[in-house]
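# Understanding the architecture of this molecule
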Amino acid sequence: MSDQTVTQTNEEQQSNDSTEQRSNSLTVDVETDERLVDSWTDYEFEDEAAITVEDLDVYYGDDHAIDSISMEIPERSVTALIGPSGCGKSTFLRCLNRMNDRIDSARVEGTVEVDGENIYEGDTDLVQLRKRVGMVFQSPNPFPKSIRENVSYGPRKHGDVNVGLLGRLLGNDDREVEREIVERSLEQAALWDEVSGRLDDNALGLSGGQQQRLCIARCLAVDPDVILMDEPASALDPVATAKIEDLIEQLAEEYTVVVVTHNMQQAARISDQTAVFLTGGQLVEYDDTDKIFENPESDRVEDYVTGKFG
Ligand SMILES: Nc1ncnc2c1ncn2[C@@H]1O[C@H](COP(=O)(O)OP(=O)(O)OP(=O)(O)O)[C@@H](O)[C@H]1O
């Protein structure tokens, strides 16, 4: 966990009245929590924000799944999203690279800025967006192709490497570039040593943990800024999970990682800051991970992280 200092934006004025008010009102009912959400979530982290979310609402038909969330996600760190089932974590995550666009009933309102650009503006190129903001899913989903082809799929699709017939026709056969991308990505995903001798084997022959690291390599191959992970280790055994956790911490030295997890120990182990969502798609508290797990402001968050409800 990095030693990240967290400061409130509204500084003294807000924090002066807050401490007393908070301790008085921590027999918290939902309404009080809502009133305090702004002061608890309006934090500024020392690092630059990679993503800034403002007044985000998501509806599935008439169902309100995300309720007016604003938060900043700092660059080159791990941000964990935790909360009970159905509270909107995955929906929120999908908003960060517009994956909800694929769900017909989903309607998104508000602003999500990635590197200062609102991705919900009309002319956003979704292919480029998802290259910059990659995603790794709960179950490993490699293509039924070779390990090499899985990793080079993105660079080929985006035209970063031209290989084979297309490359020859275009007069630039980038096989060497492709080889470098494959090796670099597999190394970054801590998989190179295990597969370097069998890059042409079918990816479906790998173990579940290896497949998940391959999916991470596939995401890294297009050189993203942000990696979104939706419960990336929940289908894996403890050994494979530990490898993914180590990898996430390493990746955060170079990339902004946002990870949804049901596993609170995992969030405590790997994340720098933690956002706690509770029922109704509300962000109830967002802070340095140590603070959330050791001394949260909200009683509901305390009950949640200590396992009183889940
Ligand atoms: N494709 C969809 N169509 C309609 N409703 C959906 C869809 N996806 C999610 N929802 C609803 O939105 C709400 C939030 O779901 P979401 O999956 O984002 O929560 P979650 O916190 O990630 O849950 P879990 O931890 O169980 O994965 C739930 O009420 C869910 O039923």
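Higher on the page you've got the structure.
Please read these numbers as outputs of a predicted model, since none were measured by experiment. (Residues numbered from 1 in each chain as written. Predicted model: local features only at pLDDT ≥ 70, side-chain atom pairs only at ≥ 80, totals over all residues.)

## What about the overall build of the protein?
A tally of regular secondary structure across the protein gives 13 helices and 12 strands. Put simply, the protein has 310 residues, and 43% of those count as buried. For the protein, the proportion of contacts with a sequence separation of at least 24, taken over those separated by at least 6, is 69%. (Helix = DSSP H or I, 4+ residues; strand = E, 2+ residues; numbered from the N terminus. Buried ≥ 20, exposed ≤ 12 C-beta atoms within 10 Å, placed from the backbone. Contact = placed C-beta atoms within 7 Å.)

## Let's talk about the site of the ligand
Surrounding the ligand, one finds 13 residues, the nearest of these being Y60, S85, K89, S90 and T91. With 3 residues, the single largest contributor to the shell around the ligand is helix α3 (residues 89–95). By residue class, the composition of the shell around the ligand is 4 nonpolar, 8 polar and 1 charged. (Near = placed C-beta within 6 Å. Nonpolar A, V, L, I, M, F, W, Y, C, P; charged D, E, K, R; others polar.)

## Regarding the sheet that holds strand β4 (residues 63–74)
Reading across from one edge, β4-β3-β6-β7 is the order of the 4 strands in this open sheet, with antiparallel pairing throughout. Bordering the open sheet on either side are β4 and β7 (117–118), each of which pairs with just one other strand. (Pairing = 2+ DSSP bridges.)

## Here we look at helix α7 (residues 175–188)
For α7, spanning 14 residues, the distance from its first C-alpha to its last is 20 Å, which sits close to the expected 20 Å at 1.5 Å a residue. Those residues of α7 hidden inside the fold are in contact with α5 (147–157), α8 (192–195) and α9 (208–220). In the stretch just after α7, A190 is the one whose phi turns positive, near 55 degrees. (Expected span 1.5 Å × (residues − 1).)

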